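Here are the chains, one letter per residue:
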Amino acid sequence: GENVEQHPSTLSVQEGDSAVIKCTYSDSASNYFPWYKQELGKGPQLIIDIRSNVGEKKDQRIAVTLNKTAKHFSLHITETQPEDSAVYFCAEDSWGKLQFGAGTQVVVTP
Amino acid sequence: DTAVSQTPKYLVTQMGNDKSIKCEQNLGHDTMYWYKQDSKKFLKIMFSYNNKELIINETVPNRFSPKSPDKAHLNLHINSLELGDSAVYFCASSQEPGQETQYFGPGTRLLVL
């Protein structure tokens, strides 16, 4: 998306290793940042989100960090498993609209 | 017990035809959306309705006309289909507009020949 940059576009990790995906945004008024996982042939599904009054949030093997000053946020997946293989999208809520990053194809190899 | 459902799942049609995609949600949400995902997986919002009223209308050609007969349904009608309309179209819903979890349907894969 033109307002959200996401890197890398592809990420290959060994099972058990960690994966990190980074996003930057431009709208300083944005204060809601969700992450979606899209498996092949399915619709995106929310996996974690963070609001601007929080710097970090964890849910089991998934964590998200937010740096509002630098306007970037990151997704961290620890102890990756084959079922983590999917396309991951970051997004920012800009005036009630979700602006998505271009997506990261994550491949976890056994 | 599907939360957000879309029909049809696949749609193959000729250029110039008119087609419709239907979406229904049983989550009791007030807000529904249509997204387009292109061949490079880029997801972009097209429309959003809240309580049957249009609240977001991105720069989408007016060949695309959404209709919300009630809060649980948001349909998308496309006139005079073009090759560039080939994409996956996703319906989604949320309790309120903005800063809320959006629940996506399974998608409708449209191929215009």
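Numbers given for residues are sequential positions, taken from 1 along each chain in its written order. Here every chain gets a letter starting at A, and every ligand a number starting at 1, in the order they are written. Where local features are concerned, this predicted model is filtered to residues with pLDDT of at least 70; where side-chain atom pairs are given and counted, the filter is 80 or more; whole-chain, interface and lining totals use all residues. As a rule here, side-chain values cover all heavy atoms of the structure and leave hydrogens and water aside.

Q: Is there a simple way to explain the environment of A:Pro82 in this structure?
A: Residues and elements named next belong to chain A. Along the polypeptide, Pro82 turns up in the loop between β8 (72-77) and β9 (86-94). Pro82 sits 26 residues away from Val108 along the chain, and the two C-alpha atoms are 5.1 Å apart. Apart from the residues within four sequence positions on either side, Pro82 is in contact with Glu15 and Val108. Think of it this way: any DSSP run of H or I at least four residues long counts as a helix, any run of E at least two long counts as a strand, and we number them from the N terminus. In what follows, residue pairs with any heavy atoms lying within 4.5 Å of each other are defined as contacts.

Q: In this structure, what is going on with the sheet that holds β8(A)? I would like to understand it.
A: Across a sheet, strands are paired by hydrogen bonds formed along the backbone, either parallel or antiparallel in direction. Residue and element names in this part refer to chain A. Read from one edge to the other, the open sheet built from five strands follows the order β1-β3-β8-β7-β6, with strand pairing classed as antiparallel. Since the sheet does not close on itself, it has two edges, and those belong to β1 (4-7) and β6 (56-59), each with one partner. Here the strands of the sheet are splayed against their neighbours by 15° on average, with no regard to which way each runs. Think of it this way: DSSP has to see at least two bridges between two strands before they count as a pair. In the sheet, β6 pairs with strand β7 (residues 62-67) via four bridges, with the strands oriented antiparallel. Bridge pairing in β7 places Asp59 opposite Ile62. The axes used here are C-alpha line fits, helices contributing only the stretch in contact, and every angle between their N-to-C directions lies in the interval 0 to 180 degrees.

Q: Teacher, can you tell me more about the interface of chain B and chain A here?
A: Facing 21 residues of chain B, the contacting portion of chain A comprises 21 residues. Of the roughly 1700 Å² buried between chain B and chain A, counting both surfaces, carbon and sulfur atoms make up 52%. A side-chain nitrogen of Lys or Arg and a carboxyl oxygen of Asp or Glu constitute a salt bridge if their distance falls within 4 Å. Residue B:Glu58 pairs with A:Lys97 through a salt bridge whose shortest N-O separation is 2.9 Å. Here a polar contact is recorded for every N or O atom pair within 3.5 Å, except that within protein the pair must consist of a potential hydrogen donor and a potential acceptor, and residues adjacent in sequence are included only if both atoms are side-chain atoms. Our count for the chain B to chain A interface comes out at seven residue pairs in polar contact (both at pLDDT 80 or more). Breaking the side of chain B that touches chain A down by element, the ones donating at least two residues are β4 (31-37) and β5 (43-50) of chain B. Looking at which element gives the most residues to the side of chain B that touches chain A, the answer is β5(B), with three residues. All amino acids are sorted into three groups, where Ala, Val, Leu, Ile, Met, Phe, Trp, Tyr, Cys and Pro are nonpolar, Asp, Glu, Lys and Arg are charged, and the leftover types, Gly among them, are polar. Among the residues forming the side of chain B that touches chain A, the class breakdown is eight nonpolar, six polar and seven charged. In short, buried area is how much 1.4 Å probe accessible area vanishes from two parts on joining, totalled over both.

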